[in-house]
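Residue strings, one per chain:
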Amino acid sequence: MSERTPLLHYRLSASVNESGEHRRDEHEPRSPATVRGRSAARQPPKLNTFFGVVIPTLLSMFSVVVFLRIGFVVGQCGLYQTIVMLLVAYFIISMTVLSVCAISTNGALDAGGAYYMISRALGPEFGGSIGIMFFLANVCGSALYVLGLVEAILTTFGISDDGLSLTGSRYEALPTGYWWSLLYGTVILLLCVLVCLIGAHIYAKATFLIFIIVMVVLGTIFISFFAVPFRTVQLPSHRNASLSPTSANFTGFKLDTLLGNVQADYVVDYTTGVMMSFATVFAVMFNGCTGIMAGSNMSGDLKNPSYSIPRGTITAVIFTFVIYNLLSILISCTCDRILLQQDYGFLTDINVWHPFVTIGVYSSTLSAAMSNLIGASRILFALAKDNLLGRFLSPAKHTSASGNPWVSVLISWVFVQLVLFSGKLNTIASIVTIFFLLVYAAVDLACLALEWASAPNFRPTFRYFTWHTCVLGIVGCAVMMFLINAIYASASIAFMLLLLLLIHYLSPVSSWGCISQALIFHQVRKYLLMLDVRKDHVKFWRPQVLLMVSNPRCSVGLITFINDIKKSGLYVLGHVQLGDLDVLPSDPLQSQYDSWLSLVDHLNIKAFVNLTLADSVRHGVQHLLFISGLGGMRPNTLVLGFYDDIPPQDQLQDSSLSICKFSDNSSQTVDPEDQNDPAFHFPPVRGGVSVGRGGVWGGKSMGPQEYVCVIADAVKMLKNVALARYFGQFDRTQALQGPLFVDVWPVNLLRPDSAAYVDTCSLFLLQLACILNMTRAWQKAKLRLFLCVEEGRSLKGTEQKLKHLLKELRMKAEISTVPWDSQVALHWQRQTRSEKIEELESEEGGVEADKVFVNSFPSNTSRVSDEYLQAVNKLILDQTLRPPAVRFLYLPRPPADTSRYHDYLNQLELLTRNLGPTLLIHGVTPVITTDL
């Protein structure tokens, strides 16, 4: 039997020969006198397109595939299906090549190759998870080629006394067996490690020699098809030798041979005993079409990366495509079908000199093993530099004086050595191929994200791509992954997601920029333009709140409560700083945004921050009401803290207050050690007049007159208004424990002569209370609706009407009728009939007293006594044995006469004194409908 090249298993994947290798410049500080001389001496010459891109890519894509796999594919599928397979496979990788060219020409790449491209485009979480898988793929690929080289050597020189050799050999000198194979693999791996420890430039110098060897071997193969006459080839021995012919023919160019090879003829693979099919053969063939990133990974060593990478990569892809097709045609015209199906190493037997193919297999396999080991070390070094896994990879950052990451090389060597213990080429090859396909899909996804984000700085010089090519590349890689092995593909994706969550949990800090922010901006802008305010409907109304905050240190309670009541609407924290930009050197607000955003993160609320500089608080609030939001997302409700003299308290430092992190769907207490993490640079809390402990403006930055003017301005601008009192003492966690009640008083208590509860303002109160009750944290709260009635009116009739209204509005609440004759009597004691009629005529302009609508409420300051307000306040306090978590009260609009603003504010203070957390609410827009 003739000597033939050993058969590396046909599933060996050329795709693993993607090193990610990159030559690093030295970063060590040196004395100025020696920097120029030493750097010039040590700096390797930059590579041109041919040596830097074409050669590495060709060696990666050819490897041993061209010698041992083409005959298998043609023998199983026939010429027609082989050409179709090549077209489909190269179409898939061409889509990824376009993405690689686009990203690589948008800026210089650093060590890590595909990892660097993906991480800088998609962020540290996605890039880190893909980088780890890229590292593992190179580790497994290096072990795969080492094992393949061992098998090749043993097939030629091994002692086949155990019958495991596929072919007989005249040069049996090496003992065989598992431990002997492991020993040979360890020695070969040590040789690769020594080369890598010296430096990647040693391998770079050898690539050209290896390339020459591979090209010479390919040349002899092409010559052999024409020069070698008819030859009978002895088939290798295998299990089914008794049932199969022992020889086959190399016929030379014959039409009968071609006609016998054009159609598919799937048989059992003699090396595995598995019946072949289109899918399995396609998966095997596709493994030899990968390796497209070897050139882009060398970007740091190229003279002109933007020029070399696209031209060199595309040249290599086209060249390999032509070679594969030519070999398929020549094989179909000259070789019997049995020879192709029963001897995958037949190219050795038909070569003009048999050792040529053996030399090609040895050199290309050793090159691939070193390339993958170098690539694994460079990827690990890049991951360590980026600190994605914290201290776990910190040793891998160490480099030699020449910049070689020797620690990463040693760590990679240990991993490869561990993989060598498995010795299972099939399993390793499938996993490696799937890992690389996942990396390719991620590169396509990175390019797609950059293209969809429409970022102005994404300007690759290579423009022959669109988002369609990126999508086709992603789909093609995904299909191939599941075609090769659906189980391994699913497991790889799950492993990648697990790594993504792990890296996200570690929260690495990076300054790379995040593509997700650009994509979100792009989509938000598009949908904001589609949000047409002219199409607003009451059925889809939701509160969009602007909460004015002076100092967040005394406003935590109110901020957290309003977050519950927003119902997925817009929530803006507004702040007015007094000042004049004309006399300031710079905008003082820009430096404050970080502290406000840190507060939003600390409280885990879904809010925006809007700060403004104005000469007065009133003008500042007007600014914010005019400019806050975009398009159809603008505040419709203004929330202010109450103007009182309660001293504020610093809630961000008070450990007695349990500051809570929460979301719309949950409530949980933050660990004490987490409460002090954020660094807030807010001014200290000062004593004196404060607009509520729930805090709008501290100190004396505004007076009561200006405060009421702010309310009046908001009403004029058709904004709903809510005044929050006693929320400085509000503790959300404590409030949600035990029995939970929310009290609603939908009657204008400053107008005892009008007990209407169906006007716009009253319904707005009911809507906000219902929204609060719909929040998950407040779902256990019980709404209590209090209806004030006078003697002589039908209590049951009034209550039934209100129950019917609530049923139509789909609101659940407990209705309580409250007689308030004694309180009303206090009011009428100081009024005469003529005074009442005169005042109603002068202030309402003829509007009937029993018809109360929004924006038509008159001033009550001249006719409501303090005794009456105190009595109503006591009435509210006496109604419940268990105090509610919060009360909703009716807020009348400010009087038209600005001289009564002080009295108006005093009335509100008397009405709400000692009531606990209370919202005084004035609604100006319809928010409830009974229609579908």
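Going by an unreviewed UniProt entry, the protein chain carries the name Solute carrier family 12 member 9 and comes from Cyprinus carpio carpio.

## Focus: the overall build of the protein chain
Each helix and strand counted, the protein chain has 31 helices and 14 strands in total. Counting across all 932 residues of the protein chain, residues that qualify as buried make up 56%. Look at the contacts in the protein chain between residues 6 or more apart in sequence, and 83% of them connect residues 24 or more apart. Carbon and sulfur atoms make up 60% of the accessible area of the protein chain, which totals about 39300 Å².

## As for a nonpolar patch on the surface
Judged by side-chain polarity, Phe50, Phe51, Phe208, Ile212 and Val216 come together as a nonpolar surface patch covering roughly 390 Å² of accessible area. Those elements that place two or more of their residues in the nonpolar patch are helix H2 (49-62) and helix H8 (200-227). The dominant element in the nonpolar patch, judged by the number of residues it contributes, is H8, at three residues.

## Describing unusual backbone geometry
A positive phi angle, close to 60 degrees, is found at Leu718, a residue other than glycine. As for its position among the elements, Leu718 is in the loop between helix H24 (704-716) and strand E9 (720-725).

## Focus: the layout of surface pockets
The calculated volume of the second largest pocket comes to roughly 630 Å³. Forming the walls of the second largest pocket are 22 residues, and the residues nearest its centre are Asp536, Trp541, Gln544, Gly632 and Asn636. Taken together, the residues of the lining of the second largest pocket break down into 10 nonpolar, seven polar and five charged.

## Re the packing of aromatic side chains
Inspection of the entire model under this criterion finds 25 aromatic pairs. Ring centres of Phe278 and Phe282 lie 6.0 Å apart, and the angle between their planes is 20 degrees; this geometry places the pair in the stacked category. Separated by four residues within a single helix, Phe278 and Phe282 lie in helix H10 (residues 278-286), roughly one turn from each other. Under the relative-accessibility criterion, Phe278 is labelled partly exposed at 38%. Three or more aromatic residues link up through ring pairs in this structure, and these residues are Phe62, Tyr90, Phe319, Phe321 and Tyr324.

## Quick word on the sheet that holds strand E4 (residues 571-578)
The strand order across the open sheet built from 10 strands is E5-E4-E3-E6-E9-E14-E13-E10-E11-E12, with neighbouring strands paired in mixed fashion. Two strands close off the open sheet at either side, each with one partner strand: strand E5 (608-614) and strand E12 (814-819). Between one strand axis and the next, the sheet turns through 25 degrees on average, direction left out of account. When strand E3 (residues 545-548) meets strand E6 (residues 637-641), the two strands line up parallel, connected through three bridges. Looking across to E6, one finds that Val545 is bridged to Thr637. Contacts from helix H20 (residues 556-565) reach E3, E4, E6, E9, strand E13 (886-890) and strand E14 (918-922) within the one sheet, and its direction differs from that of E4 by about 145 degrees.

## Focus: the pattern of salt bridges
Evaluation of the coordinates by the stated rule reveals 11 salt bridges. When the shortest N-O distance is used, the salt bridge between Asp564 and Arg732 registers 2.7 Å. Linking Asp564 in helix H20 with Arg732 in helix H25 (residues 732-735), this pair joins segments that are 168 residues apart in sequence. When its relative accessible area of 2% is taken as the criterion, Asp564 is described as buried. Among the ionic pairs, Asp743 bridges to Arg784, the shortest N-O distance being 2.7 Å. One end of the pair, Asp743, is in strand E10 (residues 741-745); the other, Arg784, is in strand E11 (residues 782-789), with 41 residues separating them in the sequence. Each of the two residues, Asp743 as well as Arg784, counts as buried. Through salt bridges with shared partners, a single ionic network connects Asp644, Arg725, Glu909 and Arg913.

## What to know about the confidence of the model for the protein chain
Residues at a pLDDT of 70 or more form 78% of the protein chain, whose mean pLDDT is 78. Residue range residues 1-41 is modelled with pLDDT below 50. Its contacts to residues more than four positions away, or to other chains, number 170 contacts. Note on residues 845-862: pLDDT is under 50 here. Beyond four places in sequence and across chains, it has 43 contacts.

## Thoughts on the packing of helix H7 (residues 178-198) against helix H14 (residues 355-385)
For the pair H7 and H14, interaxial distance at closest approach is 10 Å and the crossing angle is 55 degrees. Viewed along their axes, H7 and H14 adopt a mutual orientation that is oblique. In the crossing of H7 with H14, the sense of the turn from one axis to the other is right-handed. Residues Ile188, Leu189, Cys192, Val193, Val195 and Cys196 of H7 pack against Leu366, Ala369, Met370, Leu373 and Ile374 of H14. When the residues that make up the contact of H7 with H14 are grouped by side-chain class, the tally is 11 nonpolar, no polar and no charged.

## Some remarks on the environment of Pro245
Mapped onto the secondary structure, Pro245 falls in the loop between strand E1 (231-234) and strand E2 (247-250). C-alpha separation for the pair Pro245 and Ile338, spaced 93 residues apart in sequence, amounts to 8.3 Å. When near neighbours in sequence (up to four residues on either side) are disregarded, Pro245 contacts Leu235 and Ile338.

## As for the nonpolar core
If you look at the biggest cluster of nonpolar residues, it comprises 151 residues, and the most contacted ones within it are Phe67, Phe225 and Leu327. Per-element tally for this core: the top contributor is helix H16 (residues 425-453), with 19 residues. Discounting chain neighbours no more than four positions away, the residues touching Leu327 are Val66, Ile70, Leu218, Ile221, Phe222 and Phe225.

## Things to note about the pairing of E13
Across the five residues of E13, five count as buried, placing the element largely inside the fold. In terms of strand pairing, E10 meets E13 through four bridges, oriented parallel. When the sheet's bridge partners are listed, Val742 is paired in E13 with Val886. Taken together, the four bridges between E13 and E14 define a ladder with parallel strand orientation. Its bridge partner being in E14, Leu889 is matched across the sheet by Leu920. The β-α-β motif built from E13, the intervening helix H31 (residues 901-912) and the parallel element E14 has right-handed crossover chirality.

## Points about H2
Across its 14 residues, H2 extends 18 Å between first and last C-alpha, which sits within 8% of the 20 Å expected from 1.5 Å per residue. For H2, the set of buried residues is Thr49, Gly52, Val53, Val54, Ile55, Pro56, Thr57, Leu58, Leu59, Ser60, Met61 and Phe62.

## Comments concerning the side chain of Asn873
By the element assignment, Asn873 lies in helix H30 (residues 866-878). Judged by relative accessible area, which is 9%, Asn873 ranks as buried. From its side chain, Asn873 meets the backbone oxygen of Arg913 in a polar contact 2.9 Å long.

## Here's the deal with the packing of helix H5 (residues 114-122) against helix H6 (residues 124-157)
For any two helices packed against each other, one specifies the crossing angle of their axes together with the interaxial distance. Their axes nearest at 7 Å, the elements H5 and H6 cross at an angle of 165 degrees. Between H5 and H6, the interaxial angle falls into the category roughly antiparallel. For the pair H5 and H6, the crossing hand works out as right-handed. Side by side, H5 and H6 meet where Ala114, Tyr115, Ile118, Ser119 and Leu122 of the first sit next to Pro124, Phe126, Gly127, Gly128, Ile130, Gly131 and Phe134 of the second.

## Quick word on the pairing of E11
Burial analysis of E11 places seven of its eight residues in the buried class, the great majority of the element. Pairing geometry for E10 and E11, over four bridges, is parallel. Bridge pairing links Asp743 to Arg784 in E11. Alignment of E11 against E12, held across six bridges, turns out to be parallel. Bridged to Val789 within E12 is Pro819.

The rules behind these values
- The numbering scheme is per chain: residues are counted from 1 as the chain's sequence reads.
- Owing to the predicted nature of the model, reporting of local features is limited to residues with pLDDT of at least 70; listing and counting of side-chain atom pairs is limited to 80 or more, with chain, interface and lining totals taken over all residues.
- For the side-chain quantities, the full set of heavy atoms in the structure was used; hydrogens and water were omitted.
- The way it works is that DSSP assigns letters per residue, a run of H or I at least four long becomes a helix, a run of E at least two long becomes a strand, and they are numbered from the N terminus.
- The buried label goes to any residue with under 20% of its type's maximum accessible area, the exposed label to any with over 50%, and the partly exposed label to all in between, with areas taken from a 1.4 Å probe on protein chains only.
- What makes two residues a contact is simply this: any of their non-hydrogen atoms within 4.5 Å.
- What sets the accessible areas is the Shrake-Rupley method with a 1.4 Å probe; for residues, cover comes only from the shown protein chains.
- For patches, a residue must show more than 30% relative accessible area and have no salt bridge; joins then use 9 Å for like charges and 5 Å for nonpolar side chains, namely Val, Leu, Ile, Met, Phe, Trp and Tyr.
- We define a salt bridge as a side-chain nitrogen of Lys or Arg found within 4 Å of a carboxyl oxygen belonging to Asp or Glu.
- With a 1 Å grid laid over protein atoms only, a set of points is called a cavity when a 1.4 Å probe fits there but cannot get out and a pocket when it is open yet has protein on both sides within 12 Å along at least five of seven lines; lining residues have an atom within 4 Å of a point.
- Grid points are joined across faces, edges and corners, and a volume is the space filled by probe spheres set on the points.
- The nonpolar class holds Ala, Val, Leu, Ile, Met, Phe, Trp, Tyr, Cys and Pro. Asp, Glu, Lys and Arg form the charged class, and all remaining residues, Gly among them, are polar.
- For Phe, Tyr and Trp, rings pair up if their centres lie within 6.5 Å, where Trp contributes its six-membered ring, and each pair is then called stacked (planes under 30 degrees apart), edge-to-face (over 60) or tilted (otherwise).
- Criterion used throughout: strands pair if DSSP finds at least two bridges between them.
- Note on geometry: axes are C-alpha line fits, over the in-contact stretch for helices, and angles between N-to-C directions span 0 to 180 degrees.
- A score from 0 to 100, pLDDT tells how confident the predictor is in each residue.
- In these notes the angle categories are as follows: under 35 degrees is roughly parallel, over 145 is roughly antiparallel, 65 to 115 is roughly perpendicular, and the rest is oblique.
- Take the far helix as your reference; a near helix turned counterclockwise from it by less than a right angle gives a left-handed crossing, and one turned clockwise gives a right-handed crossing.
- Grouping buried Ala, Val, Leu, Ile, Met, Phe, Trp, Tyr and Cys residues that are joined through side-chain atoms within 4.5 Å yields what is termed a nonpolar core.
- A crossover gets the label right-handed when its path from the first strand over the helix to the second runs clockwise, viewed with the strands pointing away from the viewer.
- By this rule the span expected of a helix is its residue count minus one, scaled by 1.5 Å.
- In protein, a polar contact means a hydrogen-donor-capable atom and an acceptor-capable atom, both N or O and within 3.5 Å, with residues adjacent in sequence counting only if both atoms are side-chain atoms; elsewhere, any N or O pair within 3.5 Å suffices.

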